[in-house]
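Residue-level structural notes
As a plain string of letters, each chain reads:
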Amino acid sequence: MVNKYLRFTLSCALAVLTAITSQIKFYFGFIPYTFQNFAIILSGLILGRYGFLPQLIYLGMIAIGFPASARGGGIGVLFGYTAGYLWMFPVSSFLMGLIRERIYRKGDLKEMILLWIGSFIAVIPLYIMGFYIFWIWVSGNSQWCFNSFGLYLNPFWATFFASVLIFIPQDIFMDHIFAILVFKKIYRFLEGRL
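Here we summarise the structure given alongside this text. (Residues numbered from 1 in each chain as written. Predicted model: local features only at pLDDT ≥ 70, side-chain atom pairs only at ≥ 80, totals over all residues. Heavy atoms only, no water.)

Attention now moves to the overall build of the protein chain. The secondary structure content of the protein chain amounts to nine helices and two strands. Each helix and strand of the protein chain, ordered N terminal to C terminal, gives the series α-β-β-α-α-α-α-α-α-α-α. Put simply, of all contacts in the protein chain between residues at least 6 apart along the chain, 69% involve residues at least 24 apart. In the structure as shown, the protein chain presents an accessible area of about 9,700 Å², 72% of it carried by carbon and sulfur atoms. (Helix = DSSP H or I, 4+ residues; strand = E, 2+ residues; numbered from the N terminus. Contact = heavy atoms within 4.5 Å. Areas by Shrake-Rupley, 256 points an atom, 1.4 Å probe, with all protein chains shown as cover.)

Following this line, the structure appears as structure tokens:
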């Protein structure tokens, strides 16, 4: 039987972890570079299909004004130029959870690699919506790209570069790998309790 109290406790802890990782940030252009993908992927890995719960709590923290995002707190953050990413945090965590439930059995190297590949799939909605909302905000104007990066690109590629491409190396090769390694340690401890 699933321990609902443990799931709730883990959900709250992972929501706080998401808020903490949002504060590990630097700016390379308009969109903050954070460590949040680690917490998003870890939420799905630990809680499986319930991985969306910590991210809903996290969005609630932002909505009530808690400065939980890289840009602070309040309803305005949930409708700003980074809102597309935030809205997809629960979706990406849910997808990662489904992938983990399908793949993870023994924790061998093959399963870990498949989880890592699955993490690419889990964040696709996050990148798509992040790009789309940012595109709406910049209205297809590429001047901001030149001002930020010194690059003249057409508006589509400028927006795609600034909202997706620059994040992929850190997300895939650092955040996701770290989340999978931490999950393996935590799962051994929690096995049979979730």
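Our next topic: a nonpolar patch on the surface. Where nonpolar side chains cluster on the molecular surface, the patch consists of L109, I113, L114, I117, F120, I121, I124 and I128 and spans about 720 Å² of accessible area. Secondary structure elements with two or more residues in the nonpolar patch: α5 (109–122) and α6 (124–138). When you line up the elements, I113 lands in helix α5. (Patch = residues over 30% accessible without salt bridge, like charges linked within 9 Å, V, L, I, M, F, W, Y side chains within 5 Å. Salt bridge = Lys/Arg side-chain N within 4 Å of Asp/Glu carboxyl O.)

Turning to the pattern of salt bridges, a few remarks are in order. Enumeration over the complete set of coordinates arrives at two salt bridges. Where E101 meets R49, a salt bridge forms, and the shortest distance between an N and an O atom there is 2.8 Å. You can see E101 sitting in helix α4 (residues 83–103) and its partner R49 sitting in the loop between α2 (36–47) and α3 (52–63), a full 52 residues away along the chain. One salt bridge connects K106 with D108, and the closest N-O pair in it is separated by 3.5 Å.

Here the focus is the environment of A39. As for its placement among the helices and strands, A39 is situated in helix α2. As a C-alpha pair, A39 and A15 span 24 residues in sequence and 8.1 Å in three-dimensional space. Leaving out residues up to four positions away in the same chain, A39 has contacts with L17, T18, T21 and Q55.

All right, on to α5 then. Taking 1.5 Å of rise per residue, 14 residues should cover 20 Å, and α5 covers 20 Å from first to last C-alpha, within 8% of that figure. Elements in contact with the buried residues of α5: α2, α4, α6 and α9 (168–190). (Expected span 1.5 Å × (residues − 1).)

Now for helix α1 (residues 4–22). Across its 19 residues, α1 extends 27 Å between first and last C-alpha, which sits within 8% of the 27 Å expected from 1.5 Å per residue. Restricting attention to buried positions, one finds in α1 the residues L6, R7, L10, S11, L14, A15, T18, A19, T21 and S22. The inward-facing, buried residues of α1 contact α2, α3, α4 and α9. The N-cap of α1, judged by a side-chain oxygen 3.1 Å from the amide nitrogen of Y5 a few residues on, is N3. (Buried < 20%, exposed > 50% of the residue type's maximum accessible area, 1.4 Å probe, protein only. Polar contact = N/O pair within 3.5 Å; in protein donor to acceptor, adjacent residues only side chain to side chain.)

This part is about the nonpolar core. Counting 47 residues, the largest nonpolar core has L45, I46, Y58, I62, L86 and L115 as the members making the most contacts within it. Considering every element that reaches this core, the biggest residue donor is α2, with seven residues. The residues touching L86, leaving out its near neighbours within four places in the chain, are Y58, L59, I62, V77 and L78. (Core = buried A, V, L, I, M, F, W, Y, C linked by side-chain atoms within 4.5 Å.)

To continue, consider empty space enclosed by the protein. What the rule picks out here adds up to one cavity of 30 Å³ or more. Here the largest cavity is characterised by a volume of approximately 280 Å³. Considering the residues around the largest cavity, the lining is formed by 21 residues, among which P32, T34, Q36, Y85 and F89 are closest to the centre. Of all the elements in the fold, those that place two or more residues in the lining of the largest cavity are β2 (32–33), α2, α4, α6 and α9. Across the lining of the largest cavity, the residue classes break down as 13 nonpolar, six polar and two charged. (1 Å grid on protein atoms, 1.4 Å probe; cavity = no way out; pocket = protein on both sides within 12 Å on 5 of 7 lines; lining within 4 Å. Points joined across faces, edges and corners; volume = space filled by probe spheres on them. Nonpolar A, V, L, I, M, F, W, Y, C, P; charged D, E, K, R; others polar.)

Next up on the list: the packing of α1 against α2. Interaxial distance between α1 and α2 falls to 8 Å at its minimum, and their mutual angle equals 165°. Taken together, the axes of α1 and α2 lie roughly antiparallel to each other. Once α1 is placed against α2, the crossing between them reads as right-handed. On α2, the residues touching R7, L10, S11, L14, L17, T18, T21 and S22 of α1 are Q36, F38, A39, L42, S43, I46 and L47. Grouping the constituent residues of the contact of α1 with α2 by class yields eight nonpolar, six polar and one charged. (Axes fitted to C-alpha atoms, helices over the stretch in contact; angles between N-to-C directions. Parallel < 35°, antiparallel > 145°, perpendicular 65-115°, else oblique. Left-handed = near helix turned anticlockwise from the far one by under 90°.)

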